[in-house]
Amino acid sequence: MSHAILDLVEQVMSSPWLYLALFALAMLDGFFPIVPAETAVITAGVFAATGETNLALVMAVSALGAFAGDHISYLIGNKSAGRLRDKKAFVWARDALAERGGLVLVVARYIPGGRTATTLTMGAVRHPLRSFTFFDAIAAGSWAVYSGLIGFFGGMAFENDPIKGLLLGLGIALSITAVVEIVRWVRKRRATKASAERLPADTSL
């Protein structure tokens, strides 16, 4: 069974259509977050270690696809501002944007669901397109390099067993995501606690 799966994956990785598929998946992931774009980029990175794919090209087309998808999401947010205002994710992204500016777009690219909420919000609040494009270029490029390299080093570690390399790459990506989420949760909890502790002093004035 595992050999059949490996053969199928190798056929996909050696297909001349692979790079177009990576571009399309990364683009769709910008406004349709259930698309497994990151998994696809990591997988292509794994097979770059065996020479089946070109790592630089994998990262380039993935970055371009993500960049295009984020701009589509921005336009959707721009046209749908009224319907988004009460959404929980919209409120979170709006508050984060007010606090950190365009840098939140770079951070959100590594938070599940955060990237779409942020790009939609930036469109809905009419964040300057030039600023959005600048920070999105950083976000999309760093995400593509990160995903590609995680797969590549996983493939290098298990050069003769790409499936193990893929599992290692996905495991690293999930671990990093979990750490980011835990840190974000701890910081939010501390901020809430600090705000609650200041409340009695504020109300006594």
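Residues numbered from 1 in each chain as written. Predicted model: local features only at pLDDT ≥ 70, side-chain atom pairs only at ≥ 80, totals over all residues. Heavy atoms only, no water.

**Student:** Even after reading the chapter, I still don't get the overall build of the chain, so can you show me in this structure?
**Tutor:** On a plain count of helices and strands, the chain comes out with 10 helices and 0 strands. From first element to last, N terminus to C terminus, the chain shows the α and β order α-α-α-α-α-α-α-α-α-α. Counting only residues that meet the buried cut, the chain has 41% of its 205 residues in that class. Taking as baseline every contact in the chain between residues at least 6 positions apart, the subset at least 24 positions apart corresponds to 79%. Approximately 11,500 Å² of the chain is accessible, and the part contributed by carbon and sulfur atoms is 68%. (Helix = DSSP H or I, 4+ residues; strand = E, 2+ residues; numbered from the N terminus. Buried < 20%, exposed > 50% of the residue type's maximum accessible area, 1.4 Å probe, protein only. Contact = heavy atoms within 4.5 Å. Areas by Shrake-Rupley, 256 points an atom, 1.4 Å probe, with all protein chains shown as cover.)

**Student:** What is the right way to read the packing of helix H3 (residues 37–48) against helix H4 (residues 55–79) from this model?
**Tutor:** In helix packing, the relevant descriptors are the interaxial angle and the interaxial distance, both defined with respect to the helix axes. Close contact between H3 and H4 brings their axes to 9 Å; oriented N to C, the two are set at 165°. In terms of orientation, H3 lies roughly antiparallel with respect to H4. Handedness of the H3/H4 crossing: right-handed. Of the residues in H4, those in contact with Val41, Ala44, Gly45 and Ala48 of H3 are Leu55, Val58 and Ser62. (Axes fitted to C-alpha atoms, helices over the stretch in contact; angles between N-to-C directions. Parallel < 35°, antiparallel > 145°, perpendicular 65-115°, else oblique. Left-handed = near helix turned anticlockwise from the far one by under 90°.)

**Student:** Please clarify how the packing of helix H2 (residues 18–29) against H4 should be interpreted in this entry.
**Tutor:** Remark: H2 packs on H4, axes separated minimally by 7 Å, with the N-to-C direction vectors making an angle of 30°. In the packing of H2 onto H4, the handedness of the crossing is right-handed. Facing H2, whose interface residues are Tyr19, Leu22, Phe23, Ala26 and Met27, H4 presents Leu57, Val58, Val61, Ser62, Leu64, Gly65, Ala66, Ala68, Gly69 and Ile72.

**Student:** What is the right way to read unusual backbone geometry from this model?
**Tutor:** Glycine aside, a negative phi is what most residues show, and trans is what most peptide bonds show. Although it is not a glycine, Arg126 sits at a positive phi angle of roughly 60°. By secondary structure assignment, the location of Arg126 is in the loop between helix H8 (114–124) and helix H9 (129–157).

**Student:** I'm lost on H3 in this one. Help?
**Tutor:** Three- or four-residue spacings in an α-helix give side chains the same orientation, since the helix completes a turn every 3.6 residues. Spanning 12 residues, H3 covers 17 Å between terminal C-alpha atoms, matching the ideal 16 Å at 1.5 Å per step. Within H3, the full set of buried residues consists of Ala37, Glu38, Ala40, Val41, Ile42, Thr43, Ala44, Gly45, Val46, Phe47 and Ala48. (Expected span 1.5 Å × (residues − 1).)

**Student:** Even after reading the chapter, I still don't get the packing of aromatic side chains, so can you show me in this structure?
**Tutor:** To describe a pair of aromatic rings, you give the distance between the ring centres and the angle between the ring planes. Taken as a whole and assessed by the stated rule, the structure comprises 4 aromatic pairs. Between the aromatic rings of Phe152 and Phe153, the centroid separation amounts to 5.7 Å while the plane-to-plane angle is 70°, which identifies the pairing as edge-to-face. Lying over the aromatic face of Trp143, Arg109 brings its terminal NZ or CZ to 5.1 Å of the ring centre. (Phe/Tyr/Trp six-rings, centres within 6.5 Å; stacked < 30°, edge-to-face > 60°. Lys NZ or Arg CZ within 6 Å of the ring centre and 35° of its normal.)

**Student:** Which parts of the structure should I look at to understand the pattern of salt bridges?
**Tutor:** As a working rule, side chains carrying opposite charge can pair if their charged atoms are close by. If you walk through the whole model with that rule in mind, you get 3 salt bridges. A salt bridge links Asp29 to Arg115, with the shortest nitrogen-to-oxygen separation between them at 2.5 Å. A residue pair is termed long-range when its members are at least 10 positions apart, and Asp29 in helix H2 and Arg115 in helix H8 qualify at 86 residues. Judged by relative accessible area, Asp29 falls into the buried class, the value being 5%. A salt bridge links Arg115 to Glu38, with the shortest nitrogen-to-oxygen separation between them at 3.7 Å. Of this pair, Arg115 sits in helix H8 while Glu38 sits in helix H3; the two residues are 77 residues apart in sequence, bridging distant segments of the chain. Glu38 shares its class with Arg115; the two are buried. (Salt bridge = Lys/Arg side-chain N within 4 Å of Asp/Glu carboxyl O.)

**Student:** I'm lost on the confidence of the model for the chain in this one. Help?
**Tutor:** Predicted coordinates in regions of low pLDDT should not be interpreted in detail. Across the chain, the average pLDDT comes to 76, with 61% of residues at 70 or higher. In the predicted structure, residues 1–6 sits below a pLDDT of 50 and forms 3 contacts with residues beyond four places in sequence or in another chain. (pLDDT = per-residue confidence, 0-100.)

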